[in-house]
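# Structural characterization, general
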2 protein chains.
Amino acid sequence: MNNATELDVCEKQCLHQDRIERVRGAMLDDRAAEGLAEIFGLLGDRTRVLILHALSQGELCVCDISAVLGATSSAVSHQLRLLRTAKLVKARKEGKNVFYTLDDEHVRQLFAQGLEHVLER
Amino acid sequence: MNNATELDVCEKQCLHQDRIERVRGAMLDDRAAEGLAEIFGLLGDRTRVLILHALSQGELCVCDISAVLGATSSAVSHQLRLLRTAKLVKARKEGKNVFYTLDDEHVRQLFAQGLEHVLER
DNA sequence: CAAACAAGTGAGCACATGTTCATATGAATA
DNA sequence: TATTCATATGAACATGTGCTCACTTGTTTG
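Computed from a predicted structure; not experimentally measured.

Thresholds applied
Residues numbered from 1 in each chain as written. Chains lettered and ligands numbered in written order. Predicted model: local features only at pLDDT ≥ 70, side-chain atom pairs only at ≥ 80, totals over all residues. Heavy atoms only, no water. Axes fitted to C-alpha atoms, helices over the stretch in contact; angles between N-to-C directions. Helix = DSSP H or I, 4+ residues; strand = E, 2+ residues; numbered from the N terminus. Parallel < 35°, antiparallel > 145°, perpendicular 65-115°, else oblique. Left-handed = near helix turned anticlockwise from the far one by under 90°. Contact = heavy atoms within 4.5 Å. Pairing = 2+ DSSP bridges. Near = heavy atom within 4 Å. Polar contact = N/O pair within 3.5 Å; in protein donor to acceptor, adjacent residues only side chain to side chain.

### Brief notes about the packing of helix α6 (residues 105-119) of chain A against helix α6 (residues 105-119) of chain B
Between α6 of chain A and α6 of chain B, whose axes approach to 10 Å, the crossing angle comes to 165 degrees. In terms of orientation, α6 of chain A lies roughly antiparallel with respect to α6 of chain B. As α6 of chain A runs across α6 of chain B, the sense of the crossing is left-handed. Residues H106, V107, Q109, L110, Q113, G114, E116 and H117 of chain A of α6 of chain A form the contact with α6 of chain B, whose own contacting residues are H106, V107, Q109, L110, Q113, G114, E116 and H117 of chain B.

As structure tokens, then:
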């Protein structure tokens, strides 16, 4: 009766009870799973990919980004809010402009690794 | 008239023309952007995160996975199809069972790196 | 101060996505 | 062969998501 091993252990006789127990014990806790899904989900959109890639080359303001992508600044702003909230980018205000940069080296690395994966097939 | 630098270069006088040109030149091509978004999007779902993490600990059949997650095997099967199509997992048939494993070391690395990112805040 | 402008935001809409349910397929077994 | 079971799949439905449009905010500049 230790580790939630008998709650909904399905009625099916699908074998591998040992594996199930083992994997269950090492299962990702829900916070981590949600967190991972959130980060990856944020990276999982064409527009945001392009924004992040653009920012990986240096600081840009909203207007620049929308010009580069050929998107409306409203759309870009909406996306930037998501990225900002998730701390993937950070903002610096200067007069009328707000300049964005990648928030953290992790993002850059994740991005680079994903790119490597994509290019390799 | 080289690199799509004057098509829709917005009428706004938002400055930074130099940066825009530079970033545009180095912009991710559409295939890469789509590919990246697809991979990351696939990782961007709680259920699939849990599936992949379970598989990172070894081979499991659909039934095992659904037992571990507490999800229906139908739901799991649907997700596995997506992961299989994107070559993130691969399947091995043995009798009535189909055993799944991570397809490639990249996935494991991406996953690990994402996890690191999440745990570090 | 008023006009111009960059950026942010809420509502609404079209479309994507994850789940369930019913059913199909295909292999093992009685 | 008929049944049982693991897996797969299509349709339907509910929810999530990204965009546009209209508008607001806040800053610069005429």
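That shown, we press on.
### As for the sheet that holds strand β2 (residues 89-94) of chain B
Residues and elements named next belong to chain B. Across the sheet, three strands lie side by side as β1-β3-β2; this open sheet has antiparallel pairing. Edge positions in the sheet fall to β1 (60-61) and β2, since each of these pairs with one other strand and no more. Two elements, β1 and strand β3 (residues 97-102), share two bridges in a ladder whose sense is antiparallel. Residue pairing for β3: C61 is matched across the bridge by F99. The strands touched by helix α5 (residues 73-85) within the sheet are β2 and β3, with β2 carrying the most contacts at an inclination of about 115 degrees.

### Quick notes on the protein's contact with DNA strand D
Near DNA strand D there are 26 residues, and of these T47, S74 and Q79 of chain A together with C63 and S74 of chain B occur at the shortest range. Here S74 of chain B contributes a side-chain N or O atom positioned 2.8 Å from a base oxygen of DNA strand D. Between DNA strand D and H78 of chain B there is a distance of 2.8 Å, counted from a base oxygen to a side-chain nitrogen or oxygen. Elements supplying a minimum of two residues to the surface near DNA strand D: α3 (46-55) and α5 (73-85) of chain A together with α4 (62-69), α5 and β3 of chain B.

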